[in-house]
Amino acid sequence: LRISQHEADTIQDLLDFVLNEAVALMESEIGYIYHYREEEQLFILNTWSKEVMNQCSVLEPQTIYELDKTGIWGEVVRQRKPIVVNDFQAPNPLKKGYPEGHVDLRKYMSVPVFRENQIVAVVGVANKQTDYTQTDVWQLSLLMDSVWKIVDRKRAEEAVRKSEAYIRSILDNLPIGVAVNSVDPTVTFSYMNDNFAKYYRTTKEAMAEPDAFWEAAYQDADFREVIKKRVREGVASGDPQRMRWEDVPITREGEE
């Protein structure tokens, strides 16, 4: 619930918060989240827990790892299932060691995050006071599955924002006036470029007020009501409303 209600500007911010929650939930000391690219077989660090940074004295910690160069922590991908090691100091043929200055590991658990049968991330926690259990595996797996649904939604939202920004940049630089208004007869604009406001000899800020468009565009009150009626008809029917400029009476001095 805290994660779903957490306000994060970016996916990075969200996952930083998630990792702290996951470490606390698992009663662990440290943890990490890596994104994983199956096609390239690459782990890409998203975040380590703060305690890792406090304890780790490796001079140049890596942020990208190739799967075939990882030790036991890469087994979560190679075996495509959660990995639990409750005696990390015991000999294990899967371990490849770790660099001098690395955080001391005593107990360790890691789970994969799947999307459409592909591993998209792995989360690891370590150094719980008691053994990690199957219940821990289930809880962390369920948590991260729910989290990644939020991540997917945020990625979709970011893609929409980037697309909207791209379209807006095009509209901003068009040599003609363009405006988008809400679906109501007051014509309250959600967007307009500078050329649109300049055409009506006003500013975008002034045109943003309700009914400002009508007052700027049509000084004749009777004709203004005729046009508003056409807009209401268009809104009600959903059909485009077209009017030739030669049919529109001149309402401003010097207008052609």
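(A) The overall build of the protein chain, seen in detail. A tally of helices and strands in the protein chain yields nine helices and eight strands. Long-range pairs, those at least 24 residues apart, make up 50% of the contacts in the protein chain between residues at least 6 apart in sequence. Looking at the protein chain as shown, the accessible area adds up to about 15900 Å², and 51% of this sits on carbon and sulfur atoms.

(B) Seen up close, the confidence of the model for the protein chain. Averaged over every residue, the pLDDT of the protein chain is 82; the share at 70 or more is 83%. The secondary structure element of the protein chain with the lowest average pLDDT is helix α3 (residues 50-55), at 61, and the one with the highest is strand β5 (residues 108-115), at 96.

(C) Main features of helix α2 (residues 11-25). The end-to-end C-alpha separation of α2 is 20 Å, in line with the 21 Å expected for 15 residues at 1.5 Å each. Buried residues of α2: I11, L14, L15, V18, L19, E21, A22 and V23, and no others. The elements touched by buried residues of α2 are α1 (2-5), β1 (30-37), β2 (42-48), β6 (118-126) and α5 (134-172). At the C-terminal side of α2, E27 shows a positive phi close to 50 degrees.

(D) Geometry of the packing of aromatic side chains. Overall, the coordinates contain nine aromatic pairs when judged by the stated rule. Consider the rings of Y32 and Y34, whose centres lie 5.4 Å apart with planes at 75 degrees: the pair is edge-to-face. Take Y32 and Y34: they sit in the same class, and that class is buried. Summarising the aromatic geometry, the rings of Y34 and Y65 are spaced 6.0 Å apart at their centres and angled 75 degrees between planes, so their arrangement reads as edge-to-face.

(E) Region of the structure containing the pairing of β5. Of all eight residues that make up β5, seven are buried, and the element is covered over most of its length. In terms of strand pairing, strand β4 (residues 83-85) meets β5 through three bridges, oriented antiparallel. The residue bridging I83 from the neighbouring strand is S110, located in β5. Examined bridge by bridge, β5 and β6 share eight bridges and lie antiparallel to one another. Looking at the pairing, V113 lines up with A121 of β6. Connecting the antiparallel pair β5 and β6 is a turn made up of two residues, with E116 showing a positive phi of about 50 degrees.

(F) Expanded view of the pattern of salt bridges. Scanning all chains against the criterion turns up twelve salt bridges. For the salt bridge of E75 with R78, the shortest nitrogen-to-oxygen distance reads 2.7 Å. Taken as a pair, E75 and R78 lie in helix α4 (residues 75-78) at a separation of three residues, close to a single helical turn. Classification of E75 as buried rests on a relative accessible area of 9%. For R78, a relative accessible area of 33% puts it in the partly exposed group.

(G) Looking closely at the sheet that holds β1. An order of β3-β2-β1-β6-β5-β4 is seen for the six strands of this open sheet, with the pairing classed as antiparallel. Strand pairing shows two members of the sheet lacking a second neighbour, β3 (64-66) and β4, which therefore form its edges. The mean inter-strand angle of the sheet, taken between neighbouring strand axes irrespective of direction, is 20 degrees. As paired strands, β1 and β2 are joined by six bridges and run antiparallel to one another. Bridge pairing links Y34 to L45 in β2.

(H) The nonpolar core, seen in detail. Grouped together as the largest cluster of nonpolar side chains are 27 residues, with contacts concentrated most on L15, V18, I33, L140, M144, V147 and W148. For this core, the elements supplying multiple residues, two or more each, are α2, β5, β6 and α5. If one sorts the elements of this core by residue count, α5 sits on top with eight residues. Counting residues in hydrophobic clusters, the runner-up holds 20 residues, among them I30, W73, F88 and V103.

Cut-offs and rules
- Residues numbered from 1 in each chain as written.
- Predicted model: local features only at pLDDT ≥ 70, side-chain atom pairs only at ≥ 80, totals over all residues.
- Heavy atoms only, no water.
- Helix = DSSP H or I, 4+ residues; strand = E, 2+ residues; numbered from the N terminus.
- Contact = heavy atoms within 4.5 Å.
- Areas by Shrake-Rupley, 256 points an atom, 1.4 Å probe, with all protein chains shown as cover.
- pLDDT = per-residue confidence, 0-100.
- Expected span 1.5 Å × (residues − 1).
- Buried < 20%, exposed > 50% of the residue type's maximum accessible area, 1.4 Å probe, protein only.
- Phe/Tyr/Trp six-rings, centres within 6.5 Å; stacked < 30°, edge-to-face > 60°.
- Pairing = 2+ DSSP bridges.
- Salt bridge = Lys/Arg side-chain N within 4 Å of Asp/Glu carboxyl O.
- Axes fitted to C-alpha atoms, helices over the stretch in contact; angles between N-to-C directions.
- Core = buried A, V, L, I, M, F, W, Y, C linked by side-chain atoms within 4.5 Å.

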